[in-house]
Amino acid sequence: MLKRRATQISLSIGLFATALLAGVFMPELDRKGTSNSHNSIEERLGSTSEMDVTTLVSMPPELRTTQLQAATNKGKTLNTNRARYLLASDLIEKGEPEKAIASLKGLERDYKTLAPYIALKRARAYEQIQDTAKAKDAWEKLLDRYSDDPVAAEALYVLGKNDPSYWDRAIEKFPAHPSTVEIARERLKENPTNQPQLLLLIAKYGFHVPEYVSVLDTLKAKYASELTPEDWETIAFGYWEKLEYGKGGIAYGKAPKTSENMYRYARGLWLDGKTKEARSGYQKLVQQFPNAGEDTALGLIRLARISKREEALTHYDRVIYNFPSHAPEAMYDKAKILDKMDSAKSATQLRQWLLDEYASSEAAAKLRWEFAEKAAKEGNYQGAWKWAQEITVNNPDSEIAPQAGFWVGKWAEKLGRNEDSKTAFEYMLLRYPHSYYAWRSAVLLGWNVGDFTTVRSLSPEVVPPTKREPLTVGSETLRELYQLGQDREAWKLWQVEFVNRRNPSVAEQYTDGVLRVGVGDNLDGMWMLSSLSKREKPEERAEYSQLKETRTYWEALYPFPYMETIVKWSKERELNTVLVTALIRQESRFMPGIKSVVGATGLMQVMPETAKESAKIINLESYDLENINDNVNIGTYYLGFTHREYNDNSMLAVASYNAGPNAVRNWLKRFGFKDADTFVEQIPYPETRGYVESVFENYWNYLQIYNPEIAALMADHYAKHQANNN
């Protein structure tokens, strides 16, 4: 029924009616997410005429002093307490501890939510004054009054420098706190011999430390005979989190024999290139856990892919008839094997079965897209449109759907149906507003967002966020710290509160991602946020959809650090600041010290050879690629160079930045350049094609989040759709 309905819909405004009626959302920039759990706090803010000090958290300390000082004289309200706390924090940062202590005087009585942290600020202020006696007294009072609060670990760390018993207490009571992890690190430096328990503490809680993988390696190499299966599971999870899949797989092989651990054992070996061992691992998994659901089904599919054809067919059949949720993927793979075995009729029947019985599956979407691309290559644009349109109707949540929806519009254009093409592009902005293909649709609709040939010259306005939305999980103290922009303290507290690291809820994973980004752990933080899209349970997908309607989600996923430096060098090279930011996000996730396996370094992942040549041209005598200013200086010069090479075509310039100018020249000779969208699809390097699409998807999302003009356009577009459907 679904297939028949899809093929009969005309190429008209009704093309996307099914998807539109199912519900589209207003661009997230204009939605406000509010946590009911914070109502009591918000109600205690005091007079509505007061300036809400939480709107100042994104400002540099030196620019908000006057407003904070004014807010401290507004009586005893939550807003006043927040102002006093922020002012004290800023004063400590500016090296004015005496004034900070005055601002904190008596604040614990009125601001109980952050009372332990007020004591912490006071102790740090006395340390800054170098009043040893008062500092020690302040730390001891903190420990006495708030001995059960995680912030006590901070006092135990400081006091333990002179009395080791304090450090023992920290390890016993607050093992997950970053200060305790630091204690373990310092003790290991003093005495690295025979300290497996300290190494295990770091393995469990020290994901953030630079030597984390080395700690796991040491445990594995020196203490293997002393480790329990549960210890091996801890080590395996740590390797997995750091993408060391081969090492992780071996460790999972020594962990408790669960279906998940056995699957990861085999999967890790396969990812490490150990095919024979991986095959054996998958075989043991499906033998010992023949009906373990997800793990068994995936194990059978993976096993089939590294088995001989006849054996593979048996494995796929087992999935098809016993694991319905993975049957479509098995059918898709099995059909390809049948093609290779010259069983074309059987393969065709299997594909038809897939389309009929599992029309809404990801495998069905992949199959339809294959048919669409084949038809387009043959010049059959009507057939290509038909198959792509079926994806928009039957598989609207597929990873392929944004691409298919865009090409519905492009192929309609080729068929001379311009109104239908316009409808398709308008739909793209409603249904897939954050995709690369939404940006391409906006371009073809004539929006002032910059095309490949005009992006460089644009200077979009960028407006930073003013106020944070509340977190959805965590203690009241954690959420209050976050609201005040106390990211480091909030992150530390979260390390203690986040006990479900291996199987976090949607809200926990979201919170972890937001807090990681807040402290500059962008690589892992953005991964935590983006990988929420992989959730499959309906209730989890619904929760994820709600989170996507908040500003915080998008601002954390697309942060804008180092803005001053990026703006400076972008203007110097006459480059679009937002485009440069988009490229940096793709290259390094804004991690200044990151290095690739081939030596590319820093924010813009500059190769040493490129840096050396560029530095000569721009007369930069000395530089450090891990230095933010030097890296962006050299990186923007090179990006400007690639633009000049291709007459300011930013798509070709970005492709050249990734793959090199010679590769791009060869592609231009090979494919020509009649249509930019077609050229992107033809880029033969999967990495470079993905890179180009990701950079411009980043660019588009930065515009939606931080540029008022584009935000207004998206809001108007959504409003017009609502009006037309009411």
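Further up the page is the structure itself.
Residues numbered from 1 in each chain as written. Predicted model: local features only at pLDDT ≥ 70, side-chain atom pairs only at ≥ 80, totals over all residues. Heavy atoms only, no water.

**Considering the overall build of the protein**
Reasoning step 1: The helix and strand tally for the protein stands at 42 helices and zero strands.
Reasoning step 2: Relative to the globule expectation of 27 Å for 726 residues, the C-alpha radius of gyration of the protein, 28 Å, shows essentially globular dimensions.
Reasoning step 3: The principal-axis extent of the C-alpha atoms belonging to the protein is close to 85 × 60 × 60 Å.
Reasoning step 4: Residues counted as buried form 54% of the 726 residues belonging to the protein.
Reasoning step 5: Put simply, of all contacts in the protein between residues at least 6 apart along the chain, 57% involve residues at least 24 apart.
Reasoning step 6: Just so you have it, the protein exposes about 32900 Å², and 49% of that area is on carbon and sulfur atoms. (Helix = DSSP H or I, 4+ residues; strand = E, 2+ residues; numbered from the N terminus. Rg over C-alpha atoms; globule rule 2.2 N^0.38 Å. Buried < 20%, exposed > 50% of the residue type's maximum accessible area, 1.4 Å probe, protein only. Contact = heavy atoms within 4.5 Å. Areas by Shrake-Rupley, 256 points an atom, 1.4 Å probe, with all protein chains shown as cover.)

**Focus: the pattern of salt bridges**
Reasoning step 1: Counting across every chain of the model gives 43 salt bridges.
Reasoning step 2: Salt-bridge contacts for glutamate 108 lead to arginine 122; the nearest nitrogen and oxygen are separated by 2.7 Å. A residue pair is termed long-range when its members are at least 10 positions apart, and glutamate 108 in helix H7 (residues 107-110) and arginine 122 in helix H8 (residues 115-129) qualify at 14 residues. Grouping residues by exposure puts glutamate 108 and arginine 122 together as buried.
Reasoning step 3: A salt bridge links aspartate 677 to lysine 410; the shortest N-O distance between them is 3.1 Å. With a gap of 267 residues between them, aspartate 677 in helix H40 (residues 676-682) and lysine 410 in helix H25 (residues 401-414) connect regions that are remote in the sequence. Across the pair, lysine 410 and aspartate 677 agree in class, each one buried.
Reasoning step 4: Where salt bridges share partners, they join Lys242, Asp512, Arg516, Asp521 and Asp524 into one cluster. (Salt bridge = Lys/Arg side-chain N within 4 Å of Asp/Glu carboxyl O.)

**As for the packing of helix H10 (residues 152-159) against helix H11 (residues 164-173)**
Reasoning step 1: Contact geometry for H10 and H11: axes closest at 7 Å, N-to-C directions at 150°. Here H10 lies roughly antiparallel to H11, going by the angle between them. Helix-helix and strand crossings are classified by hand; for H10 and H11 the assignment is left-handed. Facing Leu156, Tyr157 and Leu159 of H10, the residues of H11 in contact are Tyr166, Trp167, Arg169 and Ala170.
Reasoning step 2: The residue makeup of the contact of H10 with H11, split by class, is six nonpolar, no polar and one charged. (Axes fitted to C-alpha atoms, helices over the stretch in contact; angles between N-to-C directions. Parallel < 35°, antiparallel > 145°, perpendicular 65-115°, else oblique. Left-handed = near helix turned anticlockwise from the far one by under 90°. Nonpolar A, V, L, I, M, F, W, Y, C, P; charged D, E, K, R; others polar.)

**Some words on unusual backbone geometry**
Reasoning step 1: Not every positive phi belongs to a glycine, and aspartate 342 is a case in point at roughly 60°.
Reasoning step 2: On the secondary structure map, aspartate 342 appears in the loop between helix H21 (327-340) and helix H22 (344-357).
Reasoning step 3: Of the residues examined, aspartate 342 reaches a relative accessible area of 72% and is grouped as exposed.
Reasoning step 4: One non-glycine residue with positive phi stands out, namely arginine 589, at about 55°.
Reasoning step 5: Structurally, arginine 589 can be placed in the loop between helix H35 (577-588) and helix H36 (608-617).

**So, H22**
Reasoning step 1: End to end, H22 covers 20 Å across 14 residues, agreeing with the expected 20 Å (1.5 Å per residue, within 8%).
Reasoning step 2: Buried residues of H22: Ala347, Leu350, Arg351, Leu354 and Leu355, and no others. Axial view of H22: buried residues confined to an arc of 135°, hence all on one face. Of the residues in H22, the exposed ones pointing more than 90 degrees away from the buried face are Lys345, Thr348 and Glu357.
Reasoning step 3: Where H22 is buried, its residues contact H21, helix H23 (362-377) and helix H24 (381-394). (Expected span 1.5 Å × (residues − 1). Arc of directions from axis to C-beta.)

**A short note on the packing of helix H28 (residues 476-483) against helix H29 (residues 487-497)**
Reasoning step 1: Between H28 and H29, the least distance of the axes is 8 Å, while the angle of their chain directions is 155°. Considering their axes alone, H28 and H29 lie roughly antiparallel with respect to each other. Both H28 and H29 take part in a crossing whose hand is left-handed. Counted together, Thr477, Leu478, Leu481 and Tyr482 of H28 and Asp487, Glu489, Ala490, Leu493, Trp494 and Glu497 of H29 form the full contact between these two elements.
Reasoning step 2: Taken together, the residues of the contact of H28 with H29 sort by class into six nonpolar, one polar and three charged.

**Structural notes on the packing of aromatic side chains**
Reasoning step 1: The full count for this structure, using the stated rule, is 34 aromatic pairs.
Reasoning step 2: With a centroid separation of 5.0 Å and 10° between ring planes, the pair formed by tryptophan 439 and phenylalanine 696 is classed as stacked. Placement of tryptophan 439 in helix H27 (residues 436-444) and of phenylalanine 696 in helix H41 (residues 686-706) is noted, with a sequence separation of 257 residues between them.
Reasoning step 3: On the basis of relative accessible area, tryptophan 439 is assigned to the buried category, the value being 0%.
Reasoning step 4: Given the relative accessible area of 0%, phenylalanine 696 is considered buried.
Reasoning step 5: Ring plane angle 80° and centroid distance 5.5 Å describe the contact between phenylalanine 560 and tyrosine 706, whose orientation is recorded as edge-to-face. With a gap of 146 residues between them, phenylalanine 560 in the loop between helix H33 (551-557) and helix H34 (563-572) and tyrosine 706 in helix H41 connect regions that are remote in the sequence.
Reasoning step 6: Here phenylalanine 560 falls in the buried class, since its relative accessible area comes to 11%. (Phe/Tyr/Trp six-rings, centres within 6.5 Å; stacked < 30°, edge-to-face > 60°.)

**Some words on H24**
Reasoning step 1: With 14 residues, H24 ought to run about 20 Å at 1.5 Å a step, and its terminal C-alpha atoms sit 20 Å apart, in line with that.
Reasoning step 2: Burial runs high along H24: eleven of the 14 residues are buried.

**A look at the side chain of threonine 550**
Reasoning step 1: Inspection of the secondary structure assignment puts threonine 550 in the loop between helix H32 (538-547) and H33.
Reasoning step 2: Exposure remark for threonine 550: the relative accessible area of 10% places this residue in the buried category.
Reasoning step 3: Among the polar contacts made by the side chain of threonine 550, one reaches the main-chain amide nitrogen of tyrosine 553 at a distance of 3.4 Å. (Polar contact = N/O pair within 3.5 Å; in protein donor to acceptor, adjacent residues only side chain to side chain.)

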